[in-house]
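A look at the structure
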Amino acid sequence: FDFDGTDGYIGFSNIGSIWNMVNSAYTINLWYKQQQGSGGGMPIIHFYGGSGGTAPMFWIYNRPQFSRWDIYNSNSSGLNRFVISTTTGVWYNITFTWSTSEGLIKAYQNGVFNSSQTQTSAPASDNTNFEIGRDNGPTTNLNANIASLQLYNRALSASEILFNYNGLKGKFGL
């Protein structure tokens, strides 16, 4: 998908049953290419719900000006920040895993472990809407390409993440 930073996004509503599957573990895996002129925080994925459509929420943002990816979980202490450098115009495979048994969010770049941070709370269970490339409204849109996005209801192992990366890296010139 080519998101132009203006108005393109993909949205789904009433997905509560899908999101509830990740209450004990998840993996989010995507192929990502940052576009020229990508500035401030850019929403990659955003789950939200509630009567106003704004909370609770879980989101992943790329903040290229800081070489940082942020994961926010309103059901916990909040923000987890990962330093993952990306270069404009280059494809990357970015993967995040989490499980209640470990209590960690782990970040991987191109199949290789990057870092981990403590996260003991599951994402809020009443997130019923899901957007790719937009942050719950028309003001913040992604300026990047996403070629593939997978959500798993379990934390993939490091060997599974590397296997998935190796299986697709040739399609992205890596």
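Residues numbered from 1 in each chain as written. Predicted model: local features only at pLDDT ≥ 70, side-chain atom pairs only at ≥ 80, totals over all residues. Heavy atoms only, no water.

1. Re the overall build of the protein chain
Summing up its helical and strand segments, the protein chain has two helices and 12 strands in all. The N-to-C order of helical and strand elements in the protein chain reads β-β-α-β-β-β-β-β-β-β-β-β-β-α. The 174 residues of the protein chain split such that 48% are buried. For the protein chain, long-range pairs separated by at least 24 residues make up 65% of all intrachain contacts whose partners lie at least 6 apart in sequence. (Helix = DSSP H or I, 4+ residues; strand = E, 2+ residues; numbered from the N terminus. Buried < 20%, exposed > 50% of the residue type's maximum accessible area, 1.4 Å probe, protein only. Contact = heavy atoms within 4.5 Å.)

2. A closer look at the pairing of strand 9 (residues 104-109)
Across the six residues of strand 9, five count as buried, placing the element largely inside the fold. Between strand 8 (residues 91-99) and strand 9, which pair antiparallel in sequence order, lie four residues; one of them, Gly103, sits at a positive phi of approximately 70 degrees. By the bridge criterion, six bridges tie strand 9 to strand 10 (residues 112-118) in an arrangement that is antiparallel. When the sheet's bridge partners are listed, Tyr108 is paired in strand 10 with Phe113. Hairpin connection, strand 9 to strand 10: the antiparallel pair is bridged by two residues, and Asn110 has positive phi, about 50 degrees. (Pairing = 2+ DSSP bridges.)

3. Remarks on the side chain of Thr97
As for its position among the elements, Thr97 is in strand 8. According to the relative accessible area criterion, Thr97 is buried, its value standing at 3%. If sequence neighbours within four positions are ignored, Thr97 has contacts with Tyr26, Thr27, Leu104, Ile105, Lys106, Tyr108, Ala155, Leu156 and Ile161.

4. Re unusual backbone geometry
The backbone of Asn110 shows a phi angle near 50 degrees, a positive value even though the residue is not glycine. If you trace the backbone, Asn110 turns up in the loop between strand 9 and strand 10. Judged by relative accessible area, which is 17%, Asn110 ranks as buried.

5. Some remarks on the nonpolar core
In terms of nonpolar packing, the biggest core is built from 23 residues, with Tyr32, Ile44, Ile60, Trp69 and Phe96 touching the most fellow members. Only strand 3 (25-34), strand 4 (42-49), strand 6 (68-73), strand 8, strand 9, strand 11 (127-132) and strand 12 (143-152) provide two or more residues apiece to this core. Not counting chain neighbours up to four residues away, the residues in contact with Phe96 comprise Tyr26, Thr27, Ile28, Ile60, Trp69, Ile71, Phe82, Ile84, Ile105, Lys106 and Ala107. (Core = buried A, V, L, I, M, F, W, Y, C linked by side-chain atoms within 4.5 Å.)

6. Some words on the environment of Trp91
On the secondary structure map, Trp91 appears in strand 8. With 59 residues separating them along the chain, Trp91 and Tyr32 place their C-alpha atoms 5.5 Å apart. Residues within four places of Trp91 in sequence aside, it is in contact with Trp31, Tyr32, Lys33, Asn145, Ile146, Ala147, Phe172 and Leu174.

7. Structural notes on the confidence of the model for the protein chain
When pLDDT is averaged along the protein chain, the result is 76; 64% of the residues meet or exceed 70. Model confidence for the protein chain, summarised as mean pLDDT per element, is weakest for helix 1 (residues 16-20) at 57 and strongest for helix 2 (residues 158-168) at 97. Residue range residues 51-56 is modelled with pLDDT below 50. Its contacts to residues more than four positions away, or to other chains, number 15 contacts. (pLDDT = per-residue confidence, 0-100.)

8. Describing the packing of aromatic side chains
Under the definition given, this model contains five aromatic pairs. Aromatic pair Trp91 and Phe172: ring centres 4.9 Å apart, planes at 55 degrees, arrangement tilted. Separated by 81 residues along the polypeptide, Trp91 in strand 8 and Phe172 in the segment after helix 2 bring together distant segments of the chain. The buried category is assigned to Trp91, whose relative accessible area is 17%. When the centroid spacing of 5.6 Å and the interplanar angle of 75 degrees are considered together, the rings of Tyr108 and Phe113 count as edge-to-face. (Phe/Tyr/Trp six-rings, centres within 6.5 Å; stacked < 30°, edge-to-face > 60°.)

9. Focus: the pattern of salt bridges
Across all of its chains, the model carries two salt bridges by this definition. With a shortest N-O distance of 3.1 Å, Lys106 and Glu102 are connected by a salt bridge. When its relative accessible area of 18% is taken as the criterion, Lys106 is described as buried. In this structure, Arg154 and Glu160 form a salt bridge, with 2.9 Å as the shortest nitrogen-oxygen distance. In this structure Glu160 comes out as partly exposed when scored by relative accessible area, which is 27%. (Salt bridge = Lys/Arg side-chain N within 4 Å of Asp/Glu carboxyl O.)

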